[in-house]
Amino acid sequence: MKFPSMAEANGRTLGDEEVAAVERVIRSGMLNSVWGSEARALEAEIARLYGARHAITCSSGTAALHLSVVACAPDPGDEIITTPITDFGTVAPILAQNAVPVFADVDPRDGNLDPDAVARLIGPRTKAIMAVHLFGAPARVGELRALADEHGLMLIEDCAQAWLTELPGGRLAGTMGQIGCLSLQQWKHITCGDGGVTITDDDELARRMRLFADKGWDRAAGRSHASFGLNYRMTELQAAVARAQLAKLPGVVAARRRTAVQLLEALKDLPGVRLPRPDGHAWWLFPVVCPDGDAPELAAHLAAAGIPARAGDLAEPLNRAPVWGAAIYGTSRFPLDGYTPHPCPRAERMVERTLLVIDWNENYTSEHVELIAREMAKFRSRP
Ligand SMILES: *Cc1c(COP(=O)(O)O)cnc(C)c1O
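Residues numbered from 1 in each chain as written. Predicted model: local features only at pLDDT ≥ 70, side-chain atom pairs only at ≥ 80, totals over all residues. Heavy atoms only, no water.

Topic: the sheet that holds strand β9 (residues 309-311)
Here is step 1: Strand order in this open sheet of 3 strands is β8-β10-β9, and the pairing throughout is antiparallel. Sheet topology places β8 (285-289) and β9 at the edges, where each strand pairs with a single neighbour. This sheet shows a mean twist of 25° between the axes of neighbouring strands, independent of strand direction.
Here is step 2: Sheet topology note: the β8/strand β10 (residues 355-359) ladder contains 5 bridges and is antiparallel. Each bridged residue has a counterpart across the sheet, and for P287 the counterpart in β10 is V357.
Here is step 3: Against the sheet, helix α9 (residues 295-304) contacts β9 and β10, and its axis sits at roughly 160° relative to β9.
Here is step 4: Across the sheet, helix α10 (residues 345-354) lies against β8 and β10, angled at about 60° from β10, the strand it touches most. (Pairing = 2+ DSSP bridges. Helix = DSSP H or I, 4+ residues; strand = E, 2+ residues; numbered from the N terminus. Axes fitted to C-alpha atoms, helices over the stretch in contact; angles between N-to-C directions. Contact = heavy atoms within 4.5 Å.)

This is the structure we're talking about:
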């Protein structure tokens, strides 16, 4: 049985609407979002969807996270606490602003940041907490926001895997922190190839992010540069495709939820696996925890049956990445001189032994779900 993949047309929702959107932009002659209308319209649509005052488009999810760190304005050497189980796009922007990533350990049930582990690492140089809603499961950002407020820190939410993830009480992930970051990269719920968006209710944070994404250029002030910035602008082509995709987002998430719940039901009596909680989950992937440590063997069994499953998700948690032993700028390791990331034993065990992820997709049918459930049961009942 073939599984639809986000790398192929059969696992994406790209169709006539996106083709028409691209054609509309090309025929208009204006492909740049400074003078066009598509990126501004996408911002208005995302701001409305999230109930946020501002949405700011940019060229990637990593760029969105970079804008959020810029807005937070750490001094060189200041620390930002984040999770070791995430895409490197969460961490690269911290380094880009000469700040220091501090890795806190995770909750072994879902791989999301453990607020108690975060609390233990807050020190005089801590500037922000960057939480990731891993695989689409809501991180404990209510507790993290309380912690951040108590210590005068900013909370940034990385929602690259968490479009329409709901927090307890129903509000959307990305609206609990001062800034939420979204990605439109090929492998996310919706895509325009690459693209990013930040959301915030804070006018000053929004101003800093807009300036940085446009070379520090305050367009209202003539050809005058107010601050340091790069060119992180989204193009009109990306924005037009993203708008067509955004209209399909509720359907994408609803379909993923429908089949994920079917799989949860089918696996509910299977021994040796801890299943994800469905509450608010946006099912970017379907994660399973194998507390006995046989996730690599289960992943190999599923992969041999043609199911797109992997153990660990990463080669190593980011606190163990080779980058921390390398030079950062030229021959310099600034601001990481003398830096060794903290051990994160629970994240390390998850990545090495207990975490299994199954690619998820809005075009899965009950047949896909049944095959996965059958093969998982077969693995568990082997002699
Ligand atoms: C994909 C991803 C990013 C980076 O987004 P890009 O658009 O690929 O730059 C950051 N964080 C997480 C959690 C991601 O999944």
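Concerning α10
Turn by turn, an α-helix covers 3.6 residues, leaving residues three or four places apart pointing in a common direction.
Here is step 1: Buried within α10 are the following residues: A347, E348, M350, V351 and T354.
Here is step 2: In the core, the buried residues of α10 are packed alongside β8, α9 and β10. (Buried < 20%, exposed > 50% of the residue type's maximum accessible area, 1.4 Å probe, protein only.)

Looking at the side chain of D78
Here is step 1: Of note, D78 is situated in the loop between α3 (61-72) and β2 (79-82).
Here is step 2: In contact with D78, other than residues within four places in its own chain, are A99, V100, R125 and K127.

Structural notes on the pairing of strand β1 (residues 54-58)
Here is step 1: Burial runs high along β1: 4 of the 5 residues are buried.
Here is step 2: Bridge analysis of β1 against strand β7 (residues 196-200) gives 5 bridges, and the strand direction is antiparallel. Bridging from a neighbouring strand, T57 pairs with V197 of β7.

Quick notes on the site of the ligand
Here is step 1: Inspection of the region around the ligand gives 14 residues, with G61, T62, D158, S183 and K188 positioned closest.
Here is step 2: Take T90: an N or O atom from its side chain is 3.4 Å from a nitrogen atom of the ligand.
Here is step 3: In this structure, Q161 approaches the ligand through a side-chain N or O atom, which is 2.8 Å from an oxygen atom.
Here is step 4: Starting from 380 Å² of accessible surface for the ligand in isolation, the protein chains cover 93%. (Near = heavy atom within 4 Å. Polar contact = N/O pair within 3.5 Å; in protein donor to acceptor, adjacent residues only side chain to side chain. Areas by Shrake-Rupley, 256 points an atom, 1.4 Å probe, with all protein chains shown as cover.)

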